[in-house]
Amino acid sequence: EFYSSIHEMTRVYKYEEKMLLHMQKFIADNESKLDFLKARLSEFESERNEAQQWGVTYFDSPLNKYLLTKRLTLDWERVENLVATATGEKPLNRLRKLRGRNYMPDEKELEGALDGLLRLQYVYRLEARHIAAGVLDGVDYGVQLNSQHCFDIARLALRDNHPRLAHSWLLEAQKRLGDQNQELKAEILALLVKAKVELNDYRGVNSTYQKLLSIQPVSVEYKQNYNNFISKHLDEKQSPATLEEHAPIPSDPSVMSDFDIYRFTCSGHIKKTAREERHLRCGYLTETHPFLNLAPLKVEELNHNPLLVLYHDVIYQSEIDVIRNLTENEISRATVIGAKGSEVSKVRTSQFTFIPKTRHKVLQTIDQRVADMSNLNMDYAELHQFANYGIGGHYAQHNDWFGQDAFDNELVSSPEMGNRIATVLFYLSDVAQGGGTAFPHLKQLLQPKKYAAAFWHNLHASGVGDLRTLHGACPIIAGSKWVQNRWIREFIQADRRPCELWDDSQIVLREILAKMQ
Ligand SMILES: O=C(O)CCC(=O)C(=O)O
Ligand SMILES: [Fe+2]
């Protein structure tokens with residue numbers, strides 16, 4: 001799946017270059033065929049004109065008899081043969097072969113790409129009119145979408161329960177429509193009515209129907225829909241507010257769904273106040289290992305309880321180069337744990353792979369560093385996980401720790417190692433726009449910074465999963481994101497657990513639970 005990663009796009013982009021060459025060849029072949037036919041046609045015509053002028057005496061000349069006979073045998077046969085040859089078959093076959101190649105996107109991919117685009121619009125509260133003009137969150141990419149593009153996006157938005165977004169895309173499709181395309185115009189109007197009705201906003205619906213019926217007066221379907229509409233809605237009260245492209249943000253976060261608090265953290269609407277930030281420090285970590293006295297780690301506190309910190313410059317370019325080589329041909333669409341085990345889901349659109357630390361010395365070196373950063377034993381950590389997100393790629397809010405049902409249903413690998421006590425998330429790339437890691441309960445949004453790593457505790461001291469560690473990877477607006485996950489398990493950590501964790505109280509947990517209900 002290529003929309004979930006930028007990695008494969010470059011490959012198919014090169015295939016398209018070859019496809020263009022075949023198309024040129026097809027056109028050139030057909031053009032020379034038509035040129036030949038045109039030349040014959042005018043030749044035949046002029047010979048016949050000549051004959052016309054002479055009348056029947058024309059055939060007195062044996063030369064003319066010969067010319068007509070030759071035309072009707074050899075010349076017309078050549079014409080027939082040429083018309084019958086399937087010119088351009090070769091380039092056509094090559095074209096088909098290229099499009100049938102591995103990695104070529106199909107219609108499902110197209111949907112995935114549009115889905116990613118809608119996600120960006122929804123999460124970052126972008127406006128259709130800006131996106132259509134190639135402007136994403138203030139950055140101009142110099143692309144323009146046409147009316148048909150906008151209509152296609154609207155159709156998908158409506159199907160996926162985003163009538164507000166669909167509505168705004170339809171207005172844009174209307175604006176970008178030339179006078180000539182009446183068919184598309186009717187389709188836009190018909191969908192506009194549908195979006196409005198879904199939004200329970202009947203303003204303008206009547207006149208939209210009338211416009212629609214004036215373009216396609218014979219459509220039985222549209223007429224029926226209109227009569228239906230009139231009988232149901234005409235005297236219904238109009239909703240007072242103007243139709244906003246995005247629903248307003250509730251002022252109280254406790255009434256929001258988990259997805260909403262995640263997306264409002266991605267968009268920067270949920271964030272720590274200056275007051276909440278004032279206890280957080282930056283500094284050099286020297287305690288966990290004597291070696292750190294020589295080479296202290298740069299650490300930035302992002303939250304105290306539960307602990308969330310960002311280490312700067314904890315992985316080297318040479319190590320990232322090795323990782324990119326190791327993962328190059330292994331990476332494939334990421335999955336999540338569903339009811340029946342691993343499954344592909346819209347909730348996580350990235351590509352990933354797991355690699356054991358025995359594969360390369362660099363992975364062991366990294367683990368040594370993770371042990372210093374976390375003060376935890378890395379002997380039984382999970383396989384190294386590497387992930388790449390493309391444009392629109394994201395991982396919706398989730399907890400890294402496993403719930404009891406995952407253990408009960410045997411969905412946890414090596415359950416004897418216990419739950420995921422902590423996570424270290426390395427950023428192996430910067431991201432041009434979007435793509436932060438959002439912790440809605442901690443009101444933190446970490447913008448990926450190459451060579452840095454986030455570290456947090458996932459569990460309460462009691463071993464119970466900490467709901468406040470809910471987090472997600474915000475969708476990528478531009479660029480590509482590479483991360484590495486180290487998931488550390490509870491087994492043999494008893495003597496290592498830093499004392500801050502023991503402060504963690506059940507009271508906080510109860511508060512959160514109460515808020516969420
Ligand atoms: O990519 C990110 O920013 C977060 C990834 C994550 O949370 C995960 O893979 O579990
Ligand atoms: Fe995670």
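An unreviewed UniProt entry lists the protein under the name procollagen-proline 4-dioxygenase, with Drosophila willistoni given as the organism.

The next subject is the domain arrangement of the protein. Segmentation of the protein into domains returns domain 1 (9-99), domain 2 (107-233) and domain 3 (308-516). Domain 1 and domain 3 are separated by 65 Å when their C-alpha centres are compared.

Here we come to the sheet that holds strand 15 (residues 444-446). On the basis of which strands lie adjacent, the open sheet formed by four strands has the order 11-17-14-15 and antiparallel pairing. With one partner strand each, in any of the chains shown, strand 11 (395-398) and strand 15 form the two edges of the open sheet. Averaged over all pairs of adjacent strands, the angle between strand axes in this sheet comes to 10°, irrespective of strand direction. With three bridges joining them, strand 14 (residues 437-439) and strand 15 adopt antiparallel strand pairing. Looking at the pairing, threonine 437 lines up with leucine 446 of strand 15. On the sheet, helix 11 (residues 258-266) packs against strand 11, strand 14, strand 15 and strand 17 (471-473) and is oriented at approximately 120° with respect to strand 11.

What follows is about the UniProt feature "domain: Fe2OG dioxygenase" (unreviewed entry) in the protein. Here, the residues flagged by UniProt with the feature "domain: Fe2OG dioxygenase" (unreviewed entry) are residues 380-490. Across residues 380-490, the secondary structure splits into 5% helix and 41% strand, with the terminal C-alpha atoms separated by 9 Å.

Let us look at the nonpolar core. Ranked by internal contacts, the top residues of the largest apolar core, which has 88 residues, are Ala154, Trp169, Leu170, Tyr311, Ala453 and Phe455. Taken domain by domain, this core gets at least three of its residues from each of domain 2 (107-233) and domain 3 (308-516). Beyond its immediate chain neighbours, meaning those up to four positions away, phenylalanine 455 contacts Val309, Tyr311, Met373, Ser374, Ala422 and Val424.

Moving on: the site of ligand 1. The immediate surroundings of ligand 1 are formed by Ala387, Tyr395, Asp400, Leu425, Thr437, His471, Ala473, Val483 and Asn485. For the shell around ligand 1, the secondary structure elements donating two or more residues are strand 17 and strand 19 (481-489). Residues of the shell around ligand 1, tallied by class, amount to five nonpolar, three polar and one charged.

Taken together, the nine strands give an open sheet; going across it, the order is 3-4-5-16-12-19-10-9-6, and neighbouring strands pair in antiparallel fashion. Looking at the sheet topology across the chains shown, the edges are occupied by strand 3 (282-285) and strand 6 (332-333). Alignment of strand 12 (residues 420-427) against strand 19, held across seven bridges, turns out to be antiparallel. Pairing of leucine 425 across the sheet is with asparagine 485, part of strand 19. Sitting on the sheet, helix 15 (residues 361-374) is in contact with strand 4 (297-303), strand 5 (308-312), strand 9 (351-355), strand 10 (384-389), strand 12, strand 16 (453-457) and strand 19, with an inclination near 120° to strand 12.

Let us look at the packing of helix 8 (residues 182-198) against helix 9 (residues 205-215). The angle between the axes and the distance between the axes are what describe a pair of packed helices. Axis separation between helix 8 and helix 9 bottoms out at 9 Å; the angle between their running directions is 155°. Between helix 8 and helix 9, the angle is such that the two are roughly antiparallel. Pair helix 8 / helix 9 crosses with left-handed handedness. The segment helix 8 lies against helix 9, with Gln182, Lys185, Ala186, Leu189, Ala190, Leu192, Val193, Lys196 and Val197 engaging Val205, Thr208, Tyr209, Lys211, Leu212 and Ile215. Class assignment for the residues of the contact of helix 8 with helix 9 results in ten nonpolar, two polar and three charged.

Reading fine detail from the predicted coordinates is not recommended where pLDDT is low. Put simply, the protein has an average pLDDT of 89, and 93% of its residues get 70 or more. The low-confidence segment residues 499-510, where pLDDT is below 50, has eleven contacts with residues more than four positions distant or belonging to other chains. Overall fold confidence for the complex sits at a pTM of 0.83, while the interface term, ipTM, reaches 0.99.

Quick notes on the rules
Residues numbered from 1 in each chain as written. Chains lettered and ligands numbered in written order. Predicted model: local features only at pLDDT ≥ 70, side-chain atom pairs only at ≥ 80, totals over all residues. Domains from an automatic or database assignment. Pairing = 2+ DSSP bridges. Helix = DSSP H or I, 4+ residues; strand = E, 2+ residues; numbered from the N terminus. Axes fitted to C-alpha atoms, helices over the stretch in contact; angles between N-to-C directions. Contact = placed C-beta atoms within 7 Å. UniProt positions renumbered as here; feature names shortened; annotations may be inferred. Core = buried A, V, L, I, M, F, W, Y, C linked by C-beta atoms within 7 Å. Buried ≥ 20, exposed ≤ 12 C-beta atoms within 10 Å, placed from the backbone. Near = placed C-beta within 6 Å. Nonpolar A, V, L, I, M, F, W, Y, C, P; charged D, E, K, R; others polar. Parallel < 35°, antiparallel > 145°, perpendicular 65-115°, else oblique. Left-handed = near helix turned anticlockwise from the far one by under 90°. pLDDT = per-residue confidence, 0-100.

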